[in-house]
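# What the coordinates show
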Amino acid sequence: MNRRVAALEVSRSDGVALVRLNRPEKRNALSIELRELLVGAMASLAADDDVRCAVLTGAGTAFCSGMDRNEFGGDRAHRERLVAASVGAFAAVGTFGKPLIGALNGPALAGGFALALLCDLRLAGPDATVGFPEAARLGIPPAYAAARAALPAGLARELCLTGAVLDAEAALRRGVVAEVASDVVKRALALARDIAAVPAFVTESTKRRVLVERDAVWAPLFAEEERALREALLA
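The structure contained in this document is the topic of the report that follows.

## Thoughts on the environment of Thr-206
Turning to its location among the elements, Thr-206 is positioned in helix H9 (residues 200–234). On a C-alpha basis, the gap between Thr-206 and Pro-99 in space is 8.9 Å, while along the polypeptide they are 107 residues apart. Within the structure, Thr-206 has its side chain in polar contact with the backbone oxygen of Val-202 (distance 3.0 Å).

## Topic: the sheet that holds strand E5 (residues 108–109)
With mixed pairing, the three strands of this open sheet are ordered in space as E5-E7-E8. The sheet terminates laterally at E5 and strand E8 (165–167), the two strands that pair on one side only. In terms of strand pairing, E5 meets strand E7 (residues 129–131) through two bridges, oriented parallel. Across the sheet, the residue bridging to Ala-108 is Val-130, located in E7.

## A short note on the state of the cysteines
Covalently bonding the sulfur atom of one cysteine to the sulfur atom of another cysteine gives a disulfide. Following the criterion strictly, the structure yields zero disulfides and no others. Distance from the sulfur of Cys-64, which forms no disulfide, to the nearest cysteine sulfur (Cys-119) is 11 Å. No disulfide involves Cys-119; its nearest neighbouring cysteine sulfur is the one of Cys-53, lying 10 Å away.

## Here we look at the pairing of strand E6 (residues 121–124)
When strand E4 (residues 100–104) meets E6, the two strands line up parallel, connected through four bridges. The partner of Ala-103 across the bridge, within E6, is Leu-123. Two strands pair when backbone bridges link them, and E6 and strand E9 (residues 179–180) are joined in this way by two bridges, in the parallel orientation. Directly across from Leu-123, in E9, lies its bridge partner Glu-179.

## Examining the nonpolar core
Counting 62 residues, the largest nonpolar core has Leu-38, Leu-115 and Val-176 as the members making the most contacts within it. Per element, the largest residue contribution to this core is eight residues, and it comes from helix H2 (residues 76–94). Aside from chain neighbours lying at most four places away, what touches Val-176 is Phe-113, Arg-122, Val-130, Leu-151, Leu-155, Leu-166 and Ala-171.

## Observations regarding the sheet that holds E9
A sheet is described by the order of its strands in space; here six strands give the open sequence E1-E2-E3-E4-E6-E9, paired in mixed fashion. Edge positions in the sheet fall to strand E1 (8–13) and E9, since each of these pairs with one other strand and no more. Relative to strand E2 (residues 16–21), E1 is paired through six bridges, and the arrangement is antiparallel. Across the sheet, the residue bridging to Ser-11 is Leu-18, located in E2. This element, helix H1 (residues 32–47), spans E1, E2, strand E3 (53–58) and E4 of the sheet and lies at about 15° to E1.

## A few points about the side chain of Asp-68
Here Asp-68 is to be found in the loop between E3 and H2. Here Asn-70 takes part through its backbone nitrogen, which lies 3.0 Å from a polar atom of the side chain of Asp-68. Contacts of Asp-68, omitting those with residues within four sequence positions, involve Arg-23, Ala-29, Leu-30, Ser-31 and Arg-35.

So, how was this worked out
- Residues numbered from 1 in each chain as written.
- Predicted model: local features only at pLDDT ≥ 70, side-chain atom pairs only at ≥ 80, totals over all residues.
- Heavy atoms only, no water.
- Helix = DSSP H or I, 4+ residues; strand = E, 2+ residues; numbered from the N terminus.
- Polar contact = N/O pair within 3.5 Å; in protein donor to acceptor, adjacent residues only side chain to side chain.
- Pairing = 2+ DSSP bridges.
- Disulfide = S-S within 2.5 Å.
- Core = buried A, V, L, I, M, F, W, Y, C linked by side-chain atoms within 4.5 Å.
- Buried < 20%, exposed > 50% of the residue type's maximum accessible area, 1.4 Å probe, protein only.
- Contact = heavy atoms within 4.5 Å.
- Axes fitted to C-alpha atoms, helices over the stretch in contact; angles between N-to-C directions.

Shown next as structure tokens:
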């Protein structure tokens with residue numbers, strides 16, 4: 001009998017949660033189901049006092065290739081669900097109340113790059129690539145708000161306007177990722193355990209200020225980005 005594999009895997013150990021996008025055959029493309037699972041998982045981890053830090057990564061050879069284009073279109077009800085799942089998933093990652101590390105085990109492109117940018121820290125494996133290469137062709141604006149909140153203005157504009165893709169070393173040189181590691185998930189988990197060992201009030205206070213900055217400085221950008229996403233997906 002075939003056993004259905006969950007599209008999202010979550011494990012907890014030593015105060016750290018590992019969240020793994022688990023659609024390796026689709027390069028972890030964000031299906032509606034996966035986005036909805038991600039919303040639920042991030043809420044559950046936020047409410048779990050035993051979790052002090054989380055790591056987000058992908059199964060197989062990719063971090064995330066972006067939205068699952070096979071689910072675009074359909075009737076109005078389907079498109080409304082697509083929008084709700086998309087907005088919910090990106091908000092769940094971007095407003096997660098605890099430190100979140102992106103372990104980019106492979107390509108993080110389009111919406112996958114947006115997810116990575118919404119993490120507090122990003123580490124890359126040697127085969128990781130980052131960028132918004134498909135934004136123009138698909139008619140979905142790149143995630144400038146996520147890019148600008150994480151990167152200098154010039155770099156955010158360059159990546160969004162040109163669709164340039166950076167390899168791991170270029171991403172490191174330009175400050176998109178903090179480190180390149182041969183076993184990026186192992187390294188991210190070690191870093192997460194170090195963060196989890198810091199007194200809780202310190203990390204909670206720091207993350208609270210990160211989110212205050214997001215609301216105070218970047219809220220208009222994120223609101224405009226959501227408007228553009230709704231327009232693109234509902235068209």
